Structure formats: structure tokens, C-alpha cells
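In case you want the letters, here they are:
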Amino acid sequence: MVSSLSGPLSWWGWGGDPRCLFSLYSVSTDEFLVIGPSDSIVAELGGDAILPCSLVPAMNTEDTELRWFCTKFSEVGFVYRKSRVDHEEQMPQYAGWMSLVRDFLTHRKAAVHIQKVWASDNGSCTCFFQKGGRYAEAILELSPLAGLGSAPQVHIEGPEQDGVRVVCKASGWFPKPQVQWTDLSGKKFLEFSEAHAQDAAGLFSVEAALVVRDSSAGSVSCSVLNPILGQEKAMAVSIPEPFFPQASPWKAAFAGNLTVLGLLLFGAGCFTRREHSAKVQEREKREKLREQRPVHEATLHGGLGSVTLDPGSAHRRLAVSPEKKRVTCKTTPGVSEDIYSVLGLEGLTSGRCYWEVKISKGNSGNWALGLCREHMIRKGRYTKSPDDGFWVVSSFYNSYLAWTKSQQLLSLRQHPRRVGIFLDCSEGDVSFYNMTDGSHIFSFPPASFSGTLYPCFMLGRDVTLSICSTEWGSEGLPVSLSKSPSLEEAVRPPGEGLSSGSGVDGAPPGAESPLLP
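What counts, and where the lines are drawn
Residues numbered from 1 in each chain as written. Predicted model: local features only at pLDDT ≥ 70, side-chain atom pairs only at ≥ 80, totals over all residues. Heavy atoms only, no water. Helix = DSSP H or I, 4+ residues; strand = E, 2+ residues; numbered from the N terminus. Buried < 20%, exposed > 50% of the residue type's maximum accessible area, 1.4 Å probe, protein only. Contact = heavy atoms within 4.5 Å. Areas by Shrake-Rupley, 256 points an atom, 1.4 Å probe, with all protein chains shown as cover. Salt bridge = Lys/Arg side-chain N within 4 Å of Asp/Glu carboxyl O. Phe/Tyr/Trp six-rings, centres within 6.5 Å; stacked < 30°, edge-to-face > 60°. Pairing = 2+ DSSP bridges. Axes fitted to C-alpha atoms, helices over the stretch in contact; angles between N-to-C directions. Disulfide = S-S within 2.5 Å. Core = buried A, V, L, I, M, F, W, Y, C linked by side-chain atoms within 4.5 Å. Polar contact = N/O pair within 3.5 Å; in protein donor to acceptor, adjacent residues only side chain to side chain. pLDDT = per-residue confidence, 0-100.

## Some points on the overall build of the protein chain
For the protein chain, the count of helices and strands is two helices and 34 strands. In the protein chain, buried positions account for 47% of the 517 residues. Residue pairs in contact within the protein chain that sit at least 24 positions apart in sequence constitute 65% of those at least 6 positions apart. Of the roughly 25,200 Å² of accessible surface on the protein chain, a fraction of 52% belongs to carbon and sulfur atoms.

## Observations concerning the pattern of salt bridges
Inspection of the entire model under this criterion finds twelve salt bridges. A salt bridge links Arg 81 to Glu 89, with the shortest nitrogen-to-oxygen separation between them at 2.9 Å. Connected through salt bridges with shared partners, the residues Glu 65, Arg 67, Arg 81, Asp 86 and Glu 89 form a single ionic network.

## Let's talk about the packing of aromatic side chains
Taken as a whole, this structure holds eight aromatic pairs when the rule is applied. With 6.3 Å between their ring centres and 50 degrees between their planes, Trp 367 and Tyr 400 make a pair best called tilted. Of this pair, Trp 367 sits in strand E25 (residues 367-373) while Tyr 400 sits in strand E28 (residues 399-402), placing them 33 residues apart in sequence. Each member of the pair, Trp 367 as well as Tyr 400, is classed as buried. Relative to Phe 444, the ring of Phe 442 has its centre 4.9 Å away and its plane inclined at 90 degrees; by these criteria the two rings are edge-to-face. Residue class for Phe 442 comes out buried when judged on its relative accessible area of 10%. For Phe 444, a relative accessible area of 4% corresponds to the buried category. Grouped by ring-pair contacts, the aromatic residues Phe 432, Phe 442 and Phe 444 constitute a single cluster.

## Focus: the pairing of strand E4 (residues 41-44)
Of the two faces of E4, only the one carrying Ile 41 and Ala 43 is buried; Val 42 and Glu 44 on the other face are not. Alignment of E4 against strand E12 (residues 134-145), held across four bridges, turns out to be parallel. Within the sheet, the bridge partner assigned to Glu 44 lies in E12 and is Leu 145.

## Some points on the sheet that holds strand E34 (residues 463-468)
Pairing in this open sheet of seven strands is antiparallel, and the strands run E21-E22-E34-E24-E30-E31-E32 from one edge to the other. Strands at the two margins of the open sheet, each flanked by one partner only, are strand E21 (318-320) and strand E32 (439-443). Each strand of the sheet is rotated relative to its neighbour by a mean of 20 degrees, with strand direction disregarded. Where strand E24 (residues 352-361) lies against E34, six bridges are found, and the strand directions are antiparallel. The residue of E34 that forms the bridge with Lys 358 is Ser 466.

## Brief notes about the state of the cysteines
Using the criterion set out here, one finds three disulfides in the structure. The disulfide that involves Cys 168 links it to Cys 222, with 2.1 Å between the sulfurs. Its torsion about the S-S bond being -75 degrees, the disulfide of Cys 168 and Cys 222 is classed as left-handed. Linking Cys 168 in strand E14 (residues 163-173) with Cys 222 in strand E19 (residues 219-226), this pair joins segments that are 54 residues apart in sequence. By relative accessible area, which is 0% here, Cys 222 ends up buried.

## Digging into the sheet that holds strand E9 (residues 98-100)
Ordered in space as E3-E5-E10-E9, the four strands form an open sheet in which the pairing is antiparallel. This sheet does not close on itself; its edge strands, each paired only once, are strand E3 (33-35) and E9. Averaged over all pairs of adjacent strands, the angle between their axes in this sheet comes to 25 degrees, without regard to strand direction. Of the strand pairs in this sheet, E3 and strand E5 (residues 49-56) are connected by three bridges, and their pairing is antiparallel. Residue pairing for E5: Val 34 is matched across the bridge by Leu 55.

## Observations regarding the nonpolar core
The biggest cluster of nonpolar side chains holds 37 residues, and the ones touching the most others in it are Trp 355, Phe 457 and Leu 465. If one sorts the elements of this core by residue count, E24 sits on top with four residues. When sequence neighbours within four positions are dropped, the list of residues in contact with Leu 465 reads Lys 325, Arg 326, Val 327, Val 357, Lys 358, Ile 359, Trp 367, Leu 369, Phe 457, Met 458 and Leu 459. Grouped together as the second largest cluster of nonpolar side chains are 30 residues, Tyr 94, Ala 110, Val 117 and Leu 142 included.

## Regarding the environment of Ser 205
Counting through the fold element by element, Ser 205 comes out in strand E18 (residues 204-212). A relative accessible area of 29% places Ser 205 in the partly exposed class. In sequence terms Ser 205 and Lys 169 are 36 residues apart; their C-alpha atoms lie 7.5 Å from each other. The residues touching Ser 205, leaving out its near neighbours within four places in the chain, are Ala 170, Ser 171, Ala 195, His 196 and Ala 197.

## A word on the side chain of Asp 429
Relative to the assigned elements, Asp 429 resides in strand E31 (residues 429-434). At 2.8 Å, the side chain of Asp 429 forms a polar contact with the side chain of Ser 431.

## Observations concerning the confidence of the model for the protein chain
Do not read the predicted coordinates in detail wherever pLDDT is low. The share of residues in the protein chain with pLDDT of 70 or more is 72%, and the mean pLDDT across the chain is 75. Counting interchain partners and residues more than four positions distant, the pLDDT-below-50 stretch residues 1-29 has 140 contacts. Counting interchain partners and residues more than four positions distant, the pLDDT-below-50 stretch residues 471-517 has 73 contacts.

## Some remarks on unusual backbone geometry
Here the amide bond leading from Val 56 into Pro 57 is cis, since omega sits at 0 degrees, within 30 degrees of zero. Checked against the element boundaries, Pro 57 lands in the loop between E5 and strand E6 (65-69). The peptide bond linking Phe 174 to Pro 175 adopts the cis configuration, its omega dihedral lying at -5 degrees. In this fold, Pro 175 is placed in the loop between E14 and strand E15 (178-183). Within the chain, Tyr 397 stands out as a residue other than glycine whose phi angle is a positive 50 degrees. Take Tyr 397: it is sitting in the loop between strand E27 (390-396) and E28.

Given below as C-alpha cells:
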């Protein structure tokens, strides 16, 4: 699993805004994030595994406390403190099971080595760092794999439902195996029963039963597959024709009627599949367009409404411009490294909406942009994600994060100086775009929205966020990017004049290419 975040990003309830009370997450010069792998760590059953995690921003890990645990914080699997391993705090069952990989103990990285992974180790482990009064953690998923279990055993149980019942059994598999029946020609049987059980060691057994009604089948084969390794074991059994019940005279006529009915159903199925195929192709076309030309896709979907800031929801250290389109942090150097927030004035409940935000900042200015639900109250530490009512992407010391349930580190081709946010309430889509180079930043998984959503803007010292204007077409849609100047055309330097998206030299808004900051 992608790393989770807690500890250093602290939110405190503030103000009296009834829709979404959140003021800041504390960020100081000695703060850090812990990021784990984006995918599960796969290890063969009985083999070894390496669990790595990284620090953002990079720092020396020698003067930090590193703690690993896989169930509870108090049940310590491994502790590294003051440049040495602390065996006294380690639980007895973890002794010799976890050890430090010292090659990773450089600037930014740390890892532990796990010996002899078993099925019962399937689950999550936590990498916990503490430095002074600050701490953060990342959750990693460990997925053990059995090599292969026993070969399937197939036997004939006897007549059943005008056919012959055949049973296949196998044990010692992990993870849960998949079963498939086939005939001599390799054709798959689609209808059969299947039951799984898991023993104390975490290994799976399976029993699958098939009723064969075609006396000409000759033999059938049962294969058991490990879905991750892609390896299988199979066994076939022959079914002599005398095993099948004798046919009755009325069956031929009934079979003829079934054939006619089957042809009618086949024709209806073909029409349905054609309709479904057209819908699938259209959906795939839209997805491909969004990945290949994400900015064009977002703007063509429409909904370029007037997003403005709500001064009443702004923290006292933020200054909102009179036109409610620009916000600046008033914190002076040496006072605080905190990040403060302000909400959009207009609530979003249906349809589509798209807006762009220009980012002006210093070398290490932190910011976050996105949406939050109405009536969200935040006090103390918590994980900010769609489950908590937040759909947010942020810049933290020039590292970019998506606020999923587990913080996800993003890799961008270019630092964004202008970010586009697209919301489709009916489709549950929240997407972000780097308008500096026209690339797709991140899309949250489809969600079911209830209530009102509000744009949210978070910024720290040396940061100014400006909501940009966008040109509209004659039918209420934004002008296509094909009408915008190419990226090679000259534009104003960043920071010159207001950043509200107004055109150059009195031109209407949108005269500049939306791909340019």
C-alpha cells in the first residue's frame, strides 16, 4: 500500500465557518513525511522480504528513532535509536525476524529485512520515524506467496441432474487459488460450484464440483491456478459413457425447442453486446482523451464557473484581495512555517466545474489545492483523504502529494505554476492538471458525492494563490485549445501584474494559452 501520513501534519479547529472548519496543518523546518512503496511488497512463502520507506525532505536518519510494528504500536518489531538497535524494547516473537538493512540508512531512506515470510504475515506493517517532537509514519502492505500447493485430485462421485458429478480437491495454496474446468478441446465450463477454506497457517484448500451432461465429453480436466504467480497444476479424469443416465424419448423434442430458443436469445444477445460495446468504446475514448489531452478534455467538459474566495473563512494570517480572486500569506519571516486555509465562496452541488489557480511562491513555499465537503470540522491530528471529505493535491517542500487514504507521492515532469481543477459531480470525478506543461497530475477514484463541496486553498509563507479567468465560447463552453496560441509564443513573465487571468495588453481573458502560467 502507498504510505500513510500522520504526526507532522497537524490540523486544528479554527474560526466559526459552519461549512468546513480547518485552518492549518503545522509545517516547521524540521518536519518531514514518510513515504512507502505504492504497491504491495510480494514475497514467496518461506522466503525473505525487504520493507523500505523514504523521508521527504531528505535528511540524515542517524539522529532519528526508527520503529517498525505490524499490529500495535506497543508491540514493537524493531527499534533503531541513537545509531544502534534497541533489543530491549523488541517483542520476543520478532527477535531475529526483523533486522536493519544498513545500506539503506543514508540520507532519506531506511529499510528492514524480514526472514521467512509466512501466510500469517499477510497484511500491513508500519514504518515510524521520530525526530525530536515530530513524527510521521508510512503503512506498507506485505503479500506472501506460496510457491504452489498440492496437485488437484479429481474423482467421479456419480450421477446427478441428468449428468455425472465430478469433484476436484487441492490444498496448501496461497493466496486463494482459482479453479477452472475444461474439456478435451480446451473449452471452459462456466457453471460449477466452488468452496474455499483456510487453515491455521493461512493456507487455502479448495473443492470444486462440476456436473458433466455431455456423454461425448470423454474426459474433463481440473486446473488450480496461483493468480499472482500465474502458475497452475492440473489433473484430468475420463468419464465412460455408461456413467451417464439413459436418455428419455421426450428429450430430443425438448432439445429442438431449446435450440430455437437459443437462437432467439443469441440474436438478442448480439444486439445487446453491440450496444454495450459501443458504450464501452465511447467510455474508453473519453478516458484515452483525458490521458492524452487532459487539459482539452477538462475544458470541453464545461462548467467553467466563477470561483471566488470567501474572506469570512480565511485565517487571520491570510489577505484576500478585494475582487476575491487572490490570497496571500501575511506571515513574516521567522514567525511561523505554518500553512493556512481559505474556502471558496460558492458551494458546488451538481454538474461540472473547472477552475485554474496560479501559484506564485518562493523556493520552498508550501501549498495545497482541491475540494472539501460541507460541515467538516477538524481538530487535532487526522489523515486527510476522500474518506474524511477532502480531495486535495499539495506541494510539500517541492515534493508533490495526493491526499489519498494513504499519502501518494506524485512524479511530475515540471513544477506546476498553474493548476487546473476539474469536478464532475455526476461521475464522481475530481482531477488535477498541470497547466504549465499541459499534463495530467492526478485523478481520485470515482466517488459518490453528497451535500455541498467547496473549493479549498491552502498556503504558507512566500506563497500567493490567484484564481485565473478563462475564456468562454458562444455555447457556454470554454474555447478549444486549438484556438489558443502555441507554447512557443511569448507571454508575460510570471508575477507581472495581477494573476487573475486577464489578457495581455487589454485582450479579453483567455487570449493567452491556458497551458502557460
